[in-house]
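Residue strings, one per chain:
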Amino acid sequence: MGQNGSRLLLGKVIFGGRIVLKTGLHIGGSKESMQIGGIDLPVIKDSSTNLPYIPGSSLKGKLRSSLEKFGKRKKDGITESLTSNRNIGTFRNKLFIHCCEDVRYALECEVCRIFGSSGDDEGLPRGQKAANFPALLTVRDCLLDSAFIDLPRVEVKTETGIDRSSMSANPRQVERVVPDTAFTFEMVYSVEGIALTGRNKVQFPETLSADLKNLLSAMSITESEGLGGYSSRGYGKVAFQFTEFTGRSLAFYTGLDKPKKDEGKKLEIDGFAIEDARKEIPGIVDFLKKESADALPG
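Worth saying up front: this structure is predicted, and the values here are computed from it rather than measured.

**Q** Mind showing me how you'd approach the layout of surface pockets here?
**A** It is the rolling of a water-molecule-sized probe over the atoms that shows where space remains empty. In this structure, the largest pocket spans a volume of roughly 600 Å³. Lining the largest pocket are 27 residues, with L107, E108, I194, P205 and T207 sitting closest to its centre. For the lining of the largest pocket, the elements supplying multiple residues, two or more each, are strand 2 (72–75) and strand 9 (182–196). Of all the elements, strand 9 adds the most residues to the lining of the largest pocket, at eight residues. When its residues are assigned to classes, the lining of the largest pocket shows nine nonpolar, six polar and twelve charged.

So, in structure tokens, the structure goes:
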């Protein structure tokens with residue numbers, strides 16, 4: 001944000017657990033070489049271990065697109081549905097997402113406030129620059145759970161396209177991660193007091209509860225829609241199994257001697273579902289609000 005305002009770190013909210021595959025998952029990787037009889041569409045793999053993984057960008061993009069479908073923003077005092085207004089693809093291969101034009105709108109947008117936005121100078125007076133808004137959410141790469149490292153976790157499925165006129169077949173081989181595989185996931189939401197230049201002083205974010213609810217809703221939608229490619233053909237059905245959903249105060253990171261530095265739920269063995277995580281939101285918000293009181297201007 002730079003000269004456009006200030007951001008005061010108040011704490012973090014940690015989403016952690018496992019992504020369990022209910023059906024085969026395909027997130028495409030690149031082919032290093034062309035081979036006769038080779039796989040047409042391989043899955044992405046870690047170059048150092050040759051094990052499949054889920055890129056953080058893939059999970060983050062899916063959550064963002066899910067939230068774009070029901071999220072809203074306030075612009076000039078009017079609540080409106082979101083539009084896909086920014087092409088992040090190429091001229092020939094367009095890919096539209098929603099992205100607020102300026103930090104002022106991003107702060108009032110349920111998508112851009114979480115996932116960030118890049119400024120758009122179009123429509124502004126000459127010489128005036130729109131301000132970016134860095135994302136509050138960090139999404140890690142999801143690595144293969146250690147319980148599955150020594151087991152074969154990929155299969156090759158032959159997909160066949162049929163020409164409707166000649167009835168000729170066009171087969172191709174698609175690699176996918178097999179069902180019942182699990183990947184670990186971790187997402188970190190930064191709880192910040194934000195104030196724009198010339199506006200109110202830095203305060204505790206009253207949008208925290210709504211942001212956490214929206215993120216869990218986006219995860220729930222992902223469970224229904226699927227993750228990765230070919231979800232309409234049955235690929236990519238997943239379930240999020242939480243092992244941690246906690247709020248951490250600033251004292252957790254600075255090492256201050258306080259009786260309690262975090263609040264929420266941890267359950268490493270059996271895990272818990274999205275609906276169980278929702279129940280923790282009021283406690284996490286109240287805890288962070290109380291712990292932030294000393295850090296905020298009087």
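**Q** Quick question: what am I supposed to make of empty space enclosed by the protein here?
**A** Evaluation of the coordinates by the stated rule reveals one cavity of 30 Å³ or more. Approximately 40 Å³ is the volume found for the largest cavity. Lining the largest cavity, in full, are L25, I27, V43, I44, P52, Y53, I54, V177 and F183. By residue class, the composition of the lining of the largest cavity is nine nonpolar, no polar and no charged.

**Q** Help me understand the sheet that holds strand 11 (residues 262–266) in this model?
**A** In a beta sheet, neighbouring strands pair by backbone hydrogen bonds and run either parallel or antiparallel. If you walk across this open sheet you meet the five strands as 6-9-1-10-11, and the pairing is antiparallel. The open sheet has two free edges, formed respectively by strand 6 (137–139) and strand 11, since each of these has just one partner strand. Neighbour-to-neighbour, the strand axes of this sheet turn through a mean angle of 20°, independent of strand direction. By the bridge criterion, 15 bridges tie strand 1 (residues 5–21) to strand 9 in an arrangement that is antiparallel. Within strand 9, the position partnered with R7 by the bridge is I194. Relative to strand 6, helix 1 (residues 56–68) is tilted by about 135°, and along the sheet it contacts strand 1, strand 6, strand 9 and strand 10 (238–249). Packed on one face of the sheet, helix 4 (residues 208–225) meets strand 1, strand 6, strand 9 and strand 10 and runs near 165° to strand 10.

**Q** Would you take a moment to explain the nonpolar core for this structure?
**A** Counting 64 residues, the largest nonpolar core has F15, Y189, M219, F242 and F245 as its most contacted members. Here the element with the most residues in this core is strand 9; it accounts for eight residues. Ignoring sequence-local partners within four residues, the contact set of Y189 consists of G11, K12, V13, F15, I114, L136, L137, L208, D211, L212 and L215.

**Q** Please explain the pattern of salt bridges as it appears in this structure.
**A** When the charged atoms of two side chains with opposite charge come close together, those side chains can pair. Scanning all chains against the criterion turns up 18 salt bridges. Between D211 and R113 there is a salt bridge, and its shortest N-O distance comes to 2.8 Å. Of this pair, D211 sits in helix 4 while R113 sits in helix 3 (residues 112–115), placing them 98 residues apart in sequence. R113 carries the same exposure label as D211, and that label is buried. For R248, the salt bridge identified is with E244, shortest N-O distance 3.2 Å. When its relative accessible area of 17% is taken as the criterion, R248 is described as buried. For E244, a relative accessible area of 13% puts it in the buried group. Because the salt bridges share partners, they merge into one network encompassing R73, K75, E80 and E101.

Rules used throughout
Residues numbered from 1 in each chain as written. Predicted model: local features only at pLDDT ≥ 70, side-chain atom pairs only at ≥ 80, totals over all residues. Heavy atoms only, no water. 1 Å grid on protein atoms, 1.4 Å probe; cavity = no way out; pocket = protein on both sides within 12 Å on 5 of 7 lines; lining within 4 Å. Points joined across faces, edges and corners; volume = space filled by probe spheres on them. Helix = DSSP H or I, 4+ residues; strand = E, 2+ residues; numbered from the N terminus. Nonpolar A, V, L, I, M, F, W, Y, C, P; charged D, E, K, R; others polar. Pairing = 2+ DSSP bridges. Axes fitted to C-alpha atoms, helices over the stretch in contact; angles between N-to-C directions. Contact = heavy atoms within 4.5 Å. Core = buried A, V, L, I, M, F, W, Y, C linked by side-chain atoms within 4.5 Å. Buried < 20%, exposed > 50% of the residue type's maximum accessible area, 1.4 Å probe, protein only. Salt bridge = Lys/Arg side-chain N within 4 Å of Asp/Glu carboxyl O.

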